[in-house]
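Given next are the chains, with one letter for each unit.
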Amino acid sequence: MDEKQRIDDLAVFGGPPLFRTPRSTSNLVRPDINVFLGYTKALFDPKHARSRTSIVEDLERELARFHETKYCVALSNGFWTLALAMKYLAMPGKTEIVMPSLTYRRMADVAAWARLTPHYCEVDPETLAMSAETAEPCINQNTALLLAVHPIVNCCDIEGLVALSKRKQVPILVDAVESAYETAGGKKVGSFGNAECFSLHASKLINGFEGGYLTTNDKDLVTFLLEARNPESALGRASVQCGIDARMNEVHAAMALASLQDLHHQVERNKHRYMHYKRLLEYVPGIELLAFNEKERCSYKNIVVRLTSEWKLSREVTLSILQAENAIARPYYSPPLHLKPAEYMTIFADMPITERLACEFVLLPCGYFVSDDDTESIVALLLFMHSNADELNSRRVTQ
Ligand SMILES: *Cc1c(COP(=O)(O)O)cnc(C)c1O
């Protein structure tokens, strides 16, 4: 890896990239391969084929224990977990789902599959997430459901939102994909609200290659999901509602179990990486690291920075320069959902806070493949960009 001496050494101007292979913001965690293979061996055991239990059920039991909830149901991915939970929890005859616009890029599509109309609410500038204060003005007689979504660093005001849901008598679903390891007010994420949804995609904290799951204490919701995820099952065939095929497969469950076993170690590695970034970024003017709240349990996975007024490059130019170096930094939830064209109806008022925040944040590379050396190179590059901001602004950086 070469240090950049001159502006023309930057890959956007034709220099060799800092990294030969991409460093991404995806976690891509690799648990011990032998632990993974150990779980999959059961699939070759003739007894397993005849038995009534499965690796998926083992995973569901482990995850329910991990989140301290009564039930867990595993499905093919986070998207369908959310869609089915929305469908079940939405109040009959009502059509709106209150949710943030500054969030996961396909969240409105999920709502559309559940036949709900997104009613976007503002976010709190401190947590970058919706709160009871921002959600309440969006609740009306047509509100079917609240969707609380945790941001990617720390948690949203989940206790306030659950209290709002009780006061307004509107059910609340939690998207806790980015907070699987966290506590909120000292309580494990997993049993807030009516149900919580998670993803096991390779980019997330717990890697199952693909997959999703829901935790809840509501037995009827569990029955609904077991029917809905597999229309061919005895339960599914007996039911009249509109099922989809959203089963999790056994190999993915084995991978998720291996990742779960490694989780506490992973968080130690994440914390090490986060602390390393934190120490180094102090020397870069204009870049402010979003801090994890050490009073709670946290995963330390995502490295999110705010570009302040001292940072003289636009966010888009900053991203172009980093990405050309194979440091695949990403904008934080940008564009927000209310500014994206959609083929279905959406409802929103002015969103000045969301629109401002959607331009300020950058996710820096993190996860299993980002070493201490990589972190140092990325921060050195940022420092170089800061020192040469005027010259960079006078040259055209192609996007
Ligand atoms: C990734 C993600 C999802 C969707 O999960 P998939 O398993 O990829 O379908 C939902 N919500 C949030 C916040 C996510 O980051």
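For the structure itself, consult the block above.
Residues numbered from 1 in each chain as written. Predicted model: local features only at pLDDT ≥ 70, side-chain atom pairs only at ≥ 80, totals over all residues. Heavy atoms only, no water.

Colleague: Teacher, can you tell me more about the pattern of salt bridges here?
Modeller: Side-chain pairing between opposite charges can occur once the charged atoms of the two side chains come close. Applying the stated criterion across every chain, the model contains 18 salt bridges. As a salt-bridge pair, R6 and D9 come within 3.3 Å of each other at their nearest N and O atoms. Salt-bridge contacts for D245 lead to R247; the nearest nitrogen and oxygen are separated by 2.8 Å. Its relative accessible area of 51% is what places D245 among the exposed residues. (Salt bridge = Lys/Arg side-chain N within 4 Å of Asp/Glu carboxyl O. Buried < 20%, exposed > 50% of the residue type's maximum accessible area, 1.4 Å probe, protein only.)

Colleague: Explain the packing of aromatic side chains here, please?
Modeller: Aromatic ring pairs: the centre-centre distance and the angle between the two ring planes describe each pair. The full count for this structure, using the stated rule, is 13 aromatic pairs. Seen in terms of ring centroids, Y368 and F369 are 5.2 Å apart; in terms of plane orientation they differ by 85 degrees. Their pairing is edge-to-face. Residue class for Y368 comes out partly exposed when judged on its relative accessible area of 38%. An aromatic cluster of at least three residues, connected via ring pairs, comprises F79, W80 and W113. Positioned above the aromatic ring of F192 is the side chain of K187, whose terminal nitrogen or guanidinium carbon lies 4.4 Å from the ring centre. Here the guanidinium or amino end of K188 rests over the ring plane of F66, the centre of that ring lying 5.7 Å away. (Phe/Tyr/Trp six-rings, centres within 6.5 Å; stacked < 30°, edge-to-face > 60°. Lys NZ or Arg CZ within 6 Å of the ring centre and 35° of its normal.)

Colleague: How should the nonpolar core be read in this particular structure?
Modeller: Generally speaking, soluble globular proteins have nonpolar side chains that are buried together. Core analysis: the biggest nonpolar cluster contains 98 residues, and Y213, L281, Y332, L364, L382 and M385 have the highest contact counts within it. The element that contributes the greatest number of residues to this core is helix 10 (residues 250-261), accounting for 7 residues. Core analysis: the next-biggest nonpolar cluster, separate from the first, contains 35 residues, F79, L145, L147 and F224 among them. (Core = buried A, V, L, I, M, F, W, Y, C linked by side-chain atoms within 4.5 Å. Helix = DSSP H or I, 4+ residues; strand = E, 2+ residues; numbered from the N terminus.)

Colleague: For this particular structure, what's the right way to read the sheet that holds strand 9 (residues 212-216)?
Modeller: What holds strands together in a sheet is hydrogen bonding between their backbones, with the strands either parallel or antiparallel. In space, the 7 strands of this open sheet follow the order 1-9-8-5-4-2-3, with mixed pairing throughout. Whereas interior strands pair on both sides, the edge strands pair on one side only; in this sheet they are strand 1 (71-75) and strand 3 (117-121). Pairs of neighbouring strands in the sheet enclose a mean axial angle of 25 degrees, with direction left out of account. When strand 2 (residues 96-100) meets strand 4 (residues 143-149), the two strands line up parallel, connected through 3 bridges. Residue pairing in the sheet places V98 in a bridge with L146 of strand 4. Sheet strands in contact with helix 3 (residues 55-67) are strand 1, strand 8 (195-199) and strand 9, and its direction is about 135 degrees off that of strand 1. (Pairing = 2+ DSSP bridges. Axes fitted to C-alpha atoms, helices over the stretch in contact; angles between N-to-C directions. Contact = heavy atoms within 4.5 Å.)

Colleague: Just checking my understanding: could you explain the packing of helix 3 against helix 10 for this structure?
Modeller: Two packed helices can be described by the angle between their axes and the distance between those axes. Between helix 3 and helix 10, the least distance of the axes is 8 Å, while the angle of their chain directions is 35 degrees. Both helix 3 and helix 10 take part in a crossing whose hand is left-handed. Where helix 3 abuts helix 10, its residues I55, V56, D58, L59, E62, L63 and F66 lie against E250, A253, A254, A256, L257 and L260. Partitioned by chemical class, the residues of the contact of helix 3 with helix 10 number 10 nonpolar, no polar and 3 charged. (Left-handed = near helix turned anticlockwise from the far one by under 90°. Nonpolar A, V, L, I, M, F, W, Y, C, P; charged D, E, K, R; others polar.)

Colleague: I tried to follow the side chain of D262 on my own but got confused; where do I start?
Modeller: Along the chain, D262 turns up in the loop between helix 10 and helix 11 (263-281). Take D262: its relative accessible area is 14%, and that puts it in the buried class. If we skip the residues at most four places from it in the chain, D262 touches V29, P31 and R269.

Colleague: Sorry, what's going on with the site of the ligand here?
Modeller: By nearness alone, every residue bordering the ligand is listed as N77, G78, F79, L82, Y104, D175, V177, E178, S199, K204, G211 and Y333. Within the contact set of the ligand, an oxygen atom lies 2.7 Å away from a backbone nitrogen or oxygen of G78. One of the side-chain N or O atoms of D175 is found 2.6 Å from a nitrogen atom in the ligand. When the ligand sits alone it has 380 Å² of accessible area, and the protein chains cover 91% of it. Of the residues forming the shell around the ligand, the biggest block, 3 residues, is contributed by helix 4 (residues 78-89). (Near = heavy atom within 4 Å. Polar contact = N/O pair within 3.5 Å; in protein donor to acceptor, adjacent residues only side chain to side chain. Areas by Shrake-Rupley, 256 points an atom, 1.4 Å probe, with all protein chains shown as cover.)

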